[in-house]
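# Inside the fold
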Amino acid sequence: MSFQSVWLPAAFAIVVTAAVHAEEKATVSTQDLRAKTDYCKTCHGVAGQGFRGSFPMPRLAGQQPEYLENQLQAFVERRRTNPVMFNVAHVLSPAMLKALAEEFRDLNPKPLGGAPKDHLAEGKTIYLEGAGANIPPCASCHGPDAKGTDAFPRLAGQLHDYIIRKLTNWDKERGQDKANPDTSAIMQPIAHDLSEAQIKAVAAYLSYLE
Ligand code: HEC
Ligand code: HEC
């Protein structure tokens, strides 16, 4: 993978070795969990707050454990396409997956910010009230404060540029195993019907929520 050679190849090799090791055990040691969490943070930010590199690395802090586990599983099964996260996730044992999801749930850094502020009010209206016949209030599933529940992800404090990319590319990245529809199908028609301007407004609004 060309990506690996760009992304800290030495660190990657060490972590892959550690992960293979962890998989042999039924539970996860504090030491292995720490090593793995540190590795995730090289991309997702030291407090899981997200990071802007050549493209946005999503915030994981405060994320719903069920959603986080679902996505790691989706990367492994290639229902969700992303070459970086396939490599990261397919070496994780079920016990490690669960432990990581709990680790990130408990982090609560300030949002990274950086979104334009000129359409925040419009974004808030879309989020709380929806828009037209086809766009239901986002809050009805993601919660009034955008913290999510269970399989419904937290969106509060998420990088606006990450949200824009996900909503724009939904059909190409999520639910890629057409024979086995997953939770991404719930979001598909909504992502499809949002206009570019609506996506930008709601993404900016969400990115500042604590
Ligand atoms: C080399 C960089 C890199 C490393 C290391 C990395 N990630 Fe990621 N991760 C990414 C990128 C890039 C994305 C965004 C993928 C996309 O755009 O769909 C992502 C996405 C995710 C998502 C989906 C988030 C969402 O909101 O849907 C989860 C969950 C995740 N990573 C967990 C982890 C965990 C846990 C680790 C450590 C075991 C980890 N990542 C390590 C780069 C990385
Ligand atoms: C009917 C319930 C429902 C509604 C309404 C809804 N969503 Fe979602 N949304 C979901 C589910 C479920 C997921 C997780 C999909 C998956 O598992 O891949 C999701 C995922 C997302 C994601 C991807 C998060 C990530 O970290 O990758 C974004 C962004 C998002 N929704 C934004 C919105 C916005 C903006 C609105 C309002 C315009 C909205 N959603 C309305 C159910 C809903």
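In the annotation of an unreviewed UniProt entry, the chain is listed under the name Cytochrome c553 and assigned to Bradyrhizobium lablabi. In UniProt, the chain has this text filed under Subcellular location (unreviewed entry): "Periplasm".

With that settled, consider the coordination of the iron atom of ligand 1. Bound to the iron atom of ligand 1 on the protein side are His44 (NE2) and Met85 (SD), at distances that span 2.0 to 2.3 Å. Relative to the metal, the six donor atoms surrounding the iron atom of ligand 1 lie at angles of 86 to 179°, and the coordination shape comes out octahedral. With a gap of 41 residues between them, histidine 44 in helix 3 (residues 30-44) and methionine 85 in helix 5 (residues 83-89) connect regions that are remote in the sequence. Each member of the pair histidine 44 and methionine 85 is classed as buried.

Counted under the stated rule, the structure contains eight salt bridges. A salt bridge links aspartate 106 to arginine 105, with the nearest nitrogen and oxygen atoms 3.0 Å apart. Classification of aspartate 106 by relative accessible area gives exposed; the value is 54%. The exposure class of arginine 105 is partly exposed, given its relative accessible area of 40%. The closest approach of N and O atoms between glutamate 210 and lysine 110, which form a salt bridge, is 3.4 Å. Taken together, the positions of glutamate 210 in the segment after helix 12 (196-207) and lysine 110 in the loop between helix 6 (94-105) and helix 7 (120-129) put the pair 100 residues apart, joining distant regions of the chain. Each of the salt bridges in this network shares a partner with another, and the network as a whole consists of Glu77, Arg79 and Asp182.

Quick look at the site of ligand 1 now. Surrounding ligand 1, one finds 23 residues, the nearest of these being Cys40, Cys43, His44, Met85 and Lys166. Between an oxygen atom of ligand 1 and a side-chain N or O atom of lysine 166, the distance comes to 2.6 Å. Where the shell around ligand 1 is concerned, the elements lending two or more residues are helix 3, helix 4 (65-76), helix 5 and helix 9 (160-168). Residue composition of the shell around ligand 1, grouped by class: 17 nonpolar, three polar and three charged.

Now for unusual backbone geometry. Of note, arginine 78 is a non-glycine position whose phi angle comes to about 60°, a positive value. Along the polypeptide, arginine 78 turns up in the loop between helix 4 and helix 5. Even without a glycine there, the phi angle at aspartate 150 is positive, about 50°. Tracing the sequence through the fold places aspartate 150 in the loop between helix 8 (139-142) and helix 9.

Cut-offs applied
Chains are numbered independently. Their residues run from 1 in the order of the written sequence. Lettering of chains starts at A and numbering of ligands starts at 1, both following the order in which they are written. Under the rules for a predicted model, residues below a pLDDT of 70 receive no local features and side-chain atom pairs below 80 are neither given nor counted, while totals for whole chains, interfaces and linings still include all residues. To get the side-chain values, all heavy atoms of the structure are used, and hydrogens and water are removed first. UniProt positions are given in the numbering used here, feature names are shortened, and annotations may be inferred rather than shown by experiment. Atoms of type N, O and S within 2.8 Å of a metal are treated as its donors, and for Na, K and Ca the window is 3.2 Å; water is not considered, so some sites may appear to be missing partners. Donor angles set the geometry label: tetrahedral for four donors if every angle is between 85 and 135 degrees, square planar for four and octahedral for six if opposite donors exceed 155 degrees and the others are between 65 and 115, irregular for anything else. A run of DSSP states H or I qualifies as a helix once it reaches four residues; a run of E qualifies as a strand once it reaches two. Both are numbered from the N-terminal end. Only protein chains enter the accessibility calculation, which uses a 1.4 Å probe. A residue is then buried if its area is under 20% of the maximum for its type, exposed if over 50%, and partly exposed in between. When a carboxyl oxygen of Asp or Glu lies within 4 Å of a side-chain nitrogen of Lys or Arg, that pair is called a salt bridge. Any residue with a heavy atom lying within 4 Å of a molecule or strand is counted as near it. A 3.5 Å cut-off defines polar contacts: any pair of N or O atoms within that distance qualifies, except that in protein one atom must be a possible hydrogen donor and the other a possible acceptor, and neighbouring residues in sequence count only when both atoms are side-chain atoms. Any residue that is not Ala, Val, Leu, Ile, Met, Phe, Trp, Tyr, Cys, Pro, Asp, Glu, Lys or Arg is counted as polar, Gly included; the first ten are nonpolar and the last four charged.

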